[in-house]
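Residue-level listing of the chains:
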Amino acid sequence: MNERKPHHKRQPSKRLPKRPFHRKRKNKIAEQTQGNGTALPIESSIDSPIDSSMAGSESADSQEVSVNKPIPKRRNFRSRTTPAGEHRPILLPEILELMQPIAGKTVVDATLGFAGHSEAILSQLGENGMLIGCDLDPTHENVIRTRLEKVGNPFRIHLGCNFAGLANVIAESGLSTVDIILVDLGVSSMQIDDSSRGFSFMRTGPLDMRMNKTRGKSAAEVLQSASLEELGELFAKYGDEPQAFEIAAAIVQERSIRPITSTTQLTKLIQSVAPATIDYSPLPGMPSPRQQRLRPVARVFQSLRIHVNREIDNIQALLRVAPYLLNPGGKLMMISFHSGEDRLVKTHLKEGLRQGIYEKISEEIVRAAPQERFENPRSRSAKLRWGIRSQQL
């Protein structure tokens, strides 16, 4: 008789900890359930390196309509810049669509830049149309003329002049009114990438920031001469910087020891006194930890640029005269990047609609498509609004 082997109880295995439901895994499951589509990323709270601490001020009518398109993976931070020598006009397909029909019309590009928008517009105006371009920065006249002359259609350019004096520019062209006015309130990629201009905190250069170096004080001169109260109010007003007066106090203390003359010197000073709260696991489309760390720096640089070039005053001057420079049914189109600028444009259009100056205005902000926001990160904060002048004023 065979002996029965003793029964051994199965030892309970060690329970492994539950696998965390990682965001990447969650996104993968979402893609499988949605098919080919992918949900759009949540908009960043800081839309671009020179904006967006004020994004929360947007009202419900300022929300964009999402398009169900796939979003590429995040690129390396160091590659998020426009290639050297290249300027990418922002919202170009949307602008051309809103301008139609455009053949034979007179169009003003009040912020010519490197003629990216103007070149595309001029190609559609035809021989009977006219492009009038002006810009405060006179540096690249040869580049602009070469680009526009290749198109072959009629154009006139006026450099070294501000769009606040647009009425004089149009009068010098022999006209009193035009069909379309386009204004892009951003800084061009090539200006940002030029370290000698001092616009970018990512590049070492002199703190200048003037669109026209022959006019006004440089940013370094402003930092050297303004009082603590003036600097604090400047950073709070134009940058919505929560630590505005702490940064201002550090600047005043630093300049008593040595002048603040370079972008790198100012960047390091701001980072030492105004640390940012960092989310090290941002959702897709949100700023990376490095971008978050640079928020206070971005706001201060934005504030200085706006102040040095009197951008708000110039926008207000343009908005006062713009409707009267348009033919009946003419269109004003303005691209803003800073929410303070956008508020001015939005208020002007709404008030103009109420008073009967405009017969129709944009109900929603026109934003860059997801693919453009990926390929050109500086387009993320671009907001386009438009208004059509009434037949009678």
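Basis of the calculations
Residues numbered from 1 in each chain as written. Predicted model: local features only at pLDDT ≥ 70, side-chain atom pairs only at ≥ 80, totals over all residues. Heavy atoms only, no water. Helix = DSSP H or I, 4+ residues; strand = E, 2+ residues; numbered from the N terminus. Buried < 20%, exposed > 50% of the residue type's maximum accessible area, 1.4 Å probe, protein only. Contact = heavy atoms within 4.5 Å. Areas by Shrake-Rupley, 256 points an atom, 1.4 Å probe, with all protein chains shown as cover. Polar contact = N/O pair within 3.5 Å; in protein donor to acceptor, adjacent residues only side chain to side chain. Pairing = 2+ DSSP bridges. Axes fitted to C-alpha atoms, helices over the stretch in contact; angles between N-to-C directions. Right-handed = clockwise from strand over helix to strand, strands pointing away. Core = buried A, V, L, I, M, F, W, Y, C linked by side-chain atoms within 4.5 Å. Salt bridge = Lys/Arg side-chain N within 4 Å of Asp/Glu carboxyl O.

Asker: What am I meant to see in the overall build of the protein chain here?
Answerer: The helix and strand inventory of the protein chain stands at 15 helices and seven strands. Across the 393 residues of the protein chain, 48% fall into the buried class. Counting only contacts in the protein chain whose residues sit at least 6 apart along the sequence, the fraction spanning at least 24 positions is 72%. When the accessible surface of the protein chain is totalled, it reaches about 20500 Å², and 51% of it is carbon and sulfur.

Asker: What is the right way to look at the environment of Ser262 in this model?
Answerer: Looking at where Ser262 falls in the secondary structure, it is placed in the loop between α9 (244-255) and α10 (263-273). Considered as a pair, Ser262 and Pro206 are 56 residues apart in the sequence and their alpha carbons are 4.5 Å apart. Leave out the neighbours within four places in its chain, and Ser262 touches Gly205, Pro206 and Leu207. In terms of polar contacts, Ser262 uses its side chain to reach the backbone amide nitrogen of Gln265, at 3.1 Å.

Asker: For this particular structure, what's the right way to read the sheet that holds strand β1 (residues 106-109)?
Answerer: What links the strands of a sheet is backbone hydrogen bonding, and the strands pair in either a parallel or an antiparallel sense. The strand order across the open sheet formed by seven strands is β3-β2-β1-β4-β5-β7-β6, and the pairing between neighbours is mixed. Of all the strands in the sheet, just β3 (155-159) and β6 (358-361) have a single pairing partner and so form its edges. Mean inter-strand twist for the sheet, computed between neighbouring axes without regard to direction, equals 15 degrees. With four bridges joining them, β1 and strand β2 (residues 130-135) adopt parallel strand pairing.

Asker: Would you mind going over the pairing of β1 with me for this structure?
Answerer: Working note: regular strand, side chains alternate between the two faces of the sheet. In β1, alternate side chains face the same way, and those of Thr106 and Val108 on one face and Val107 and Asp109 on the other are all buried. Once the chain exits β1 it traverses helix α3 (residues 116-125) before rejoining the sheet at β2, and the crossover so formed is right-handed. Relative to strand β4 (residues 178-184), β1 runs parallel, the two being bridged by three bridges. What sits directly across from Val108, in β4, is Ile181.

Asker: Even after reading the chapter, I still don't get the nonpolar core, so can you show me in this structure?
Answerer: With 36 residues, the main nonpolar core has Leu207, Leu223, Leu231, Phe235, Ile251, Leu266 and Leu304 as its most contacted residues. Going through the elements one at a time, α7 (219-225), α8 (228-239), α9, α10 and α12 (295-308) are the ones with two or more residues in this core. The leading source of residues in this core is α12, at seven residues. Apart from the residues lying within four places of it in its own chain, the contact partners of Leu304 are Met209, Val222, Leu223, Leu234, Phe235 and Leu266. Leu131, Ile144, Leu182 and Leu384 belong to the second largest nonpolar core, which has 30 residues in total.

Asker: What exactly am I supposed to notice about the pattern of salt bridges here?
Answerer: Where charged atoms from two side chains of opposite charge approach closely, those side chains can pair. Under the criterion given, the structure shown has 12 salt bridges. A salt bridge links Asp193 to Arg378, with the nearest nitrogen and oxygen atoms 2.9 Å apart. You can see Asp193 sitting in helix α6 (residues 189-193) and its partner Arg378 sitting in the loop between α15 (370-375) and β7 (383-389), a full 185 residues away along the chain. Note that Glu254 and Arg258 form a salt bridge whose closest N and O atoms lie 2.6 Å from each other. What makes Glu254 buried here is its relative accessible area of 16%.

By themselves, these figures tell us nothing about what the structure is for.
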